[in-house]
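Structural features, examined
Each chain is listed here by its residues.
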Amino acid sequence: MASLRPVVLALLLLSTAPLARAALARQQAAQPPALAIIVHRSNPAEGLKFSELRHIFMLDIQTWPNGRKITVVLREKGQPERAEALGIICGLSERDYDRHILFRTLQGNVNFGPRAIQSAPAMLRFVYNAPGSIGYVNADEADSSVKVLRIDGLLPDDPKYPIRRQSSGRPDPNW
Amino acid sequence: MPRERSFARDVMFGVLAMTTLTVIALGWTVALDFRQSAEATNQLYGRFAAGLDLIDNMQFETGEVRRVLLYALHTSDANRQLEYVDQSRSGEVRVRRLLQRESPMLSTPRTRAAREAVGAAWTDYLQTRDEVIGLILEGSLREAVSVDEAVGTERFNHVRDAIAALKTAFEADAAVQVEAQRTRSARATTWLTVLVLSALVLVAVGVYLVNRRASLEAVLRVKTDFLTTMSHELRTPLTGVIGITDLLQTAAVPSGQRELIRMLRTNATSLLALVNNVLDYSRLDAGLMALRPRPFSLFMPVEEALDSVSELASRKGLTLGYVIDAGVPDVIADEDRVRQVLLNLLSNAVKNTDTGEIVIRVGATVEPDGMAAVTITVRDTGIGIPEPMQERLFQWFSQIEPTGTPRGSGTGLGLAISDRLSRMLGGSMSVESRHGEGSVFTFKFRGRAASIARTREPDLRGRRVLAMLATGIVREQIVSMLESWHADVVLHDGRAAPDGRFDAIIVDASGSTGAPETLVQNCTTWGLDAVAVITIDRMHRERRRAIAPDALALSIPVRMQALHDAVRAAIEPKPAKDAPPRHAHQAFAGQPLAVLVVEDNEPNRHVIRLMANELGLYPDEAATGSEAIVAAARRPYDVILMDLQMPDLDGLEATRRIRALAGTHRPTIVALTANVMESVEARCRAAGMDGYLQKPLKLDALGDALSAVARRGSPLGFSGSS
């Protein structure tokens, strides 16, 4: 009996694999859409911890490991995508984030604040042209012109990916 | 001369035609070359403009790429900056396309290298630009400006310099190509100019030739008309002279004056021959000589030509004869011209031969297409012609003595006319001669083989003829003729009695085979006294009758019909010996014709009257056309002999008016003219004439014409009426 235990387990696994894949798909479909964190393709970084990402967006960290200045790119003020992203990443409202940045600037800790871009395609083009920039788009909008970073070792298509929008998952056409 | 002139004209027109064809061919080539050159020029300038446009665009677009980047430096709005960046990127794409665009003018080694240099400089600049873009978007405007000024400007200047170098290289290459094309265009233009000038020259030459030809033809017409008129004016009085001498020769005149009359006639005849030669020359020269082919037997012109020279040949003691090969057909050709050529050759032969004989031989080959190639040789035993002089024999105005030295008399037209006539007849003329051994002239012509219906073919089957003739052309001719009639001919030297029965004996009365009197006596001794004797000699008839009073006498040259009649007379019962009429045409005396002679020239009218009297006719006379019309209205004439050229009313108009007279009687109207042009004959026929007689009028010709009218009561017809 003991010798048959691995075989039985393997058969069970095999028989349950399609069920597991289906359950995963259902779980993904039920999850809100992920936000892909994008950088210039020449950027040597492959991933960040979520805490590092928050520090970067909070301008606590302003240079990349290779010494290049980090340029944070957000959507324009007043756009819901800006507030939503700041809420997910920084845990701040847009107003609080602006105050934070102002405070940091007045402290002399910030040379240049985050850049504001009016649309997702512009976000992609910006990141494509600026080697030190970091921004975000819906995961399904990211293309090969930019590099998508792992966050906590996970890519946006992973169910455990930490950066997801708060909405029901129905994509906003403005994203 | 017409032949040489015609040849020269043919050569000239040939050269002109070849030149024209060459100019047309060259023109086609030049026009194509010119068109290609123009197209190439257009294409070259098109490529040149396209190349310049490409370089200018390159310069503009590269400037735009940098210019929008500078705009981005002057705004802090990320979206605006991004728009400028996008514009710069679009400009970069356009520049890349311009650098990659193929252009024929930018494909030379020099321009290709220059383009590669532009591409390299542009790539360098783009690196800097991308760096500046990054700095701008990241907000590092000051650093971006610094990088742009420090590196971007310099690299962009390299781009500008490279584009300028490309333009310089392009313009240098274009200059070379434009210069080459300009040279080609200039060459094409030059050729086109030459072509146009050549065409103009050709047109000018053509116009000149046409005008010159027209003027030459006008001159030729004037000359021909002059010669024709002069010939007519010369022939008219000659008519009178020869006619009078003909009458005087039959009249009873002292023997001392008879020789003078003969000399007078000989000189008049020579003068007439000379005039005829001049007339023929003028017609040949003007190309107005036309042939009048009709069927004839070759015996006729040969015998008539021999007859014409027989008197002179007889006086010089020359023997004349001819042999026509069996199988020589009758032919359709111009008999008059054949006779004329033969007469020319015979006249020369008789003139240049003092002893011996002159022989005509006629042969022919009938070709499968029915054409007969006739060859007539005239061989004499004269002094001959040196070989170097033979080439000049047939040239116009070539006067050559048999010795080869230039002759002082004559026109030098006879042989040249004969040569041209033989060519017109489709043949040729040649001579073989050795100095001292005589000459052989060969006259060839072509005619369609024909067959003339004869009332009775001679047939002497079963008849035996004893021929006591000396070796020579006369014996050969007589034997040939008798054998062609299937007679059995026995040649005999007159020394021993011949065997067998004979129907006729032909004796050479010249004594070459023994004295003729002895031969005749021997015939009696050999029991042949019942056989009729035919004597052949060139002597006078009176002497022949003295030798053998009852003999039938034939003259040399022997005529075929005369030989046949003599043999027939010898073998058939003799008719009653009636005194022969003095002239055959005196038969008119029994049925006189009513004849009107219309002639303005009084001596000629007198001669015609005397000739008519000789024929037993007593014609009425009219001196003008008007008088002729009045006379014709008053009396129904059988024959009206009408001169053509008269002062008040010419013969043609007089004929038309006579034909227009009321009444059913239609007289036979015969033209008297020295102008024998075909056009004159046609005008005579159109005016209502029935025939013509050629001046100078001869008694025999007049007799034949009137005899024909008397027998047939019908028009004479123009063919052969002369």
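To be clear, the structure that these remarks concern was listed above.
**Section: the pattern of salt bridges**
Residues and elements named next belong to chain B. Scanning the entire structure with this criterion turns up 43 salt bridges over all chains. The salt bridge involving Arg67 is made with Glu64; its shortest N-O contact spans 2.1 Å. Taken together, the residues span about one helical turn, with Arg67 and Glu64 both in helix 1 (residues 2–73) at a distance of three residues. With relative accessibility at 30%, the residue Arg67 sits in the partly exposed group. Between Arg129 and Asp130 there is a salt bridge, with the nearest N and O atoms lying 2.8 Å from each other. Overall, the relative accessible area of 1% leaves Arg129 in the buried class.

**Details of the packing of helix 10 (residues 473–484) of chain B against helix 13 (residues 560–571) of chain B**
A pair of packed helices is characterised by two quantities: the angle between their axes and the separation of those axes. Residue and element names in this part refer to chain B. Helix 13 packs onto helix 10 with a crossing angle of 65 degrees between their chain directions and a minimal axis gap of 11 Å. Handedness of the helix 10/helix 13 crossing: right-handed. Touching Ile478, Met481 and Leu482 of helix 10 are Met560, Leu563 and Val567, all from helix 13. Taken together, the residues of the contact of helix 10 with helix 13 break down into six nonpolar, no polar and no charged.

**A word on the pairing of strand 2 (residues 319–324) of chain B**
All names here are of chain B. Of all six residues in strand 2, six are buried; the element is thus mostly enclosed. Here strand 2 shows a buried face lined by Thr319, Gly321 and Val323 and a second buried face lined by Leu320, Tyr322 and Ile324. Two strands pair when backbone bridges link them, and strand 2 and strand 4 (residues 357–366) are joined in this way by six bridges, in the parallel orientation. Counterpart to Val323 in the pairing with strand 4 is Arg361.

**What about the sheet that holds strand 16 (residues 668–673) of chain B?**
All names here are of chain B. Overall, parallel pairing links the five strands, which are arranged 14-13-15-16-17 in an open sheet. Only two strands of the sheet have a single neighbouring strand rather than two, namely strand 14 (620–622) and strand 17 (691–694). Averaged over all pairs of adjacent strands, the angle between strand axes in this sheet comes to 20 degrees, irrespective of strand direction. As paired strands, strand 13 (residues 595–598) and strand 14 are joined by three bridges and run parallel to one another. Counterpart to Val597 in the pairing with strand 14 is Glu621. The sheet strands contacting helix 15 (residues 625–634) are strand 13, strand 14 and strand 15 (639–643), and the helix crosses strand 13 at an angle near 170 degrees.

**Some points on the interface of chain B and chain A**
Opposite the 18 residues of chain B that make contact, chain A presents 18 residues. When chain B packs against chain A, close to 1300 Å² is buried across both sides, 44% of that on carbon and sulfur atoms. Linking chain B with chain A are two salt bridges. For Arg68(A), the salt bridge identified is with Glu138(B), shortest N-O distance 2.9 Å. For the side of chain B that touches chain A, the elements supplying multiple residues, two or more each, are helix 2 (78–100) and helix 3 (109–137) of chain B. No other element matches the seven residues that helix 2 of chain B contributes to the side of chain B that touches chain A.

**Considering the packing of helix 5 (residues 120–129) of chain A against helix 2 of chain B**
Orientation of helix 5 of chain A relative to helix 2 of chain B, taken along the N-to-C sense of each, is 70 degrees, at an axis distance of 10 Å. As far as their axial angle goes, helix 2 of chain B and helix 5 of chain A are roughly perpendicular. When you trace helix 5 of chain A past helix 2 of chain B, the crossing you get is left-handed. Contact with helix 5 of chain A, carried on its side by Ala122(A), Arg125(A), Phe126(A), Tyr128(A) and Asn129(A), involves Ala78(B), Leu82(B), Val85(B), Asp86(B) and Arg89(B) of helix 2 of chain B and no other residues of that element. Split by residue class, the contact of helix 5 of chain A with helix 2 of chain B holds six nonpolar, one polar and three charged.

**Some points on the packing of aromatic side chains**
Residue and element names in this part refer to chain B. Taken as a whole and assessed by the stated rule, the structure comprises eight aromatic pairs over all chains. Centroid distance Phe443 to Phe445: 5.4 Å. Interplanar angle 25 degrees. Geometry classified as stacked. An aromatic cluster of at least three residues, connected via ring pairs, comprises Trp122, Tyr125 and Phe156. Arg464 extends its terminal NZ or CZ atom over the ring of Phe502, reaching a point 4.6 Å from the ring centre.

**Points about the side chain of Arg294(B)**
All names here are of chain B. Looking at the secondary structure, you find Arg294 in strand 1 (residues 294–296). Its relative accessible area of 18% is what places Arg294 among the buried residues. A polar atom in the side chain of Arg294 sits 3.2 Å from the side chain of Asp336.

**Concerning empty space enclosed by the protein**
Residues and elements named next belong to chain A. All chains considered together, the criterion is met by two cavities of 30 Å³ or more. The volume enclosed by the largest cavity comes to roughly 50 Å³. Lining the largest cavity are Leu59, Gln62, Lys69, Ile70, Val110, Asn111 and Phe112. Taken together, the residues that form the lining of the largest cavity break down as four nonpolar, two polar and one charged.

**Some words on helix 9 (residues 414–424) of chain B**
Each full turn of the α-helix corresponds to 3.6 residues, which orients residues three or four apart in the same direction. All names here are of chain B. Most of helix 9 sits inside the fold, with nine of its eleven residues counted as buried. Among the residues of helix 9, those classed as buried are Gly414, Leu415, Ala416, Ile417, Ser418, Asp419, Arg420, Leu421 and Ser422. Gly426 sits one or two positions beyond helix 9 and adopts a positive phi of about 85 degrees.

Rules used throughout
Residues numbered from 1 in each chain as written. Chains lettered and ligands numbered in written order. Predicted model: local features only at pLDDT ≥ 70, side-chain atom pairs only at ≥ 80, totals over all residues. Heavy atoms only, no water. Salt bridge = Lys/Arg side-chain N within 4 Å of Asp/Glu carboxyl O. Helix = DSSP H or I, 4+ residues; strand = E, 2+ residues; numbered from the N terminus. Buried < 20%, exposed > 50% of the residue type's maximum accessible area, 1.4 Å probe, protein only. Axes fitted to C-alpha atoms, helices over the stretch in contact; angles between N-to-C directions. Left-handed = near helix turned anticlockwise from the far one by under 90°. Contact = heavy atoms within 4.5 Å. Nonpolar A, V, L, I, M, F, W, Y, C, P; charged D, E, K, R; others polar. Pairing = 2+ DSSP bridges. Buried area = accessible area lost by both parts, 1.4 Å probe. Parallel < 35°, antiparallel > 145°, perpendicular 65-115°, else oblique. Phe/Tyr/Trp six-rings, centres within 6.5 Å; stacked < 30°, edge-to-face > 60°. Lys NZ or Arg CZ within 6 Å of the ring centre and 35° of its normal. Polar contact = N/O pair within 3.5 Å; in protein donor to acceptor, adjacent residues only side chain to side chain. 1 Å grid on protein atoms, 1.4 Å probe; cavity = no way out; pocket = protein on both sides within 12 Å on 5 of 7 lines; lining within 4 Å. Points joined across faces, edges and corners; volume = space filled by probe spheres on them.

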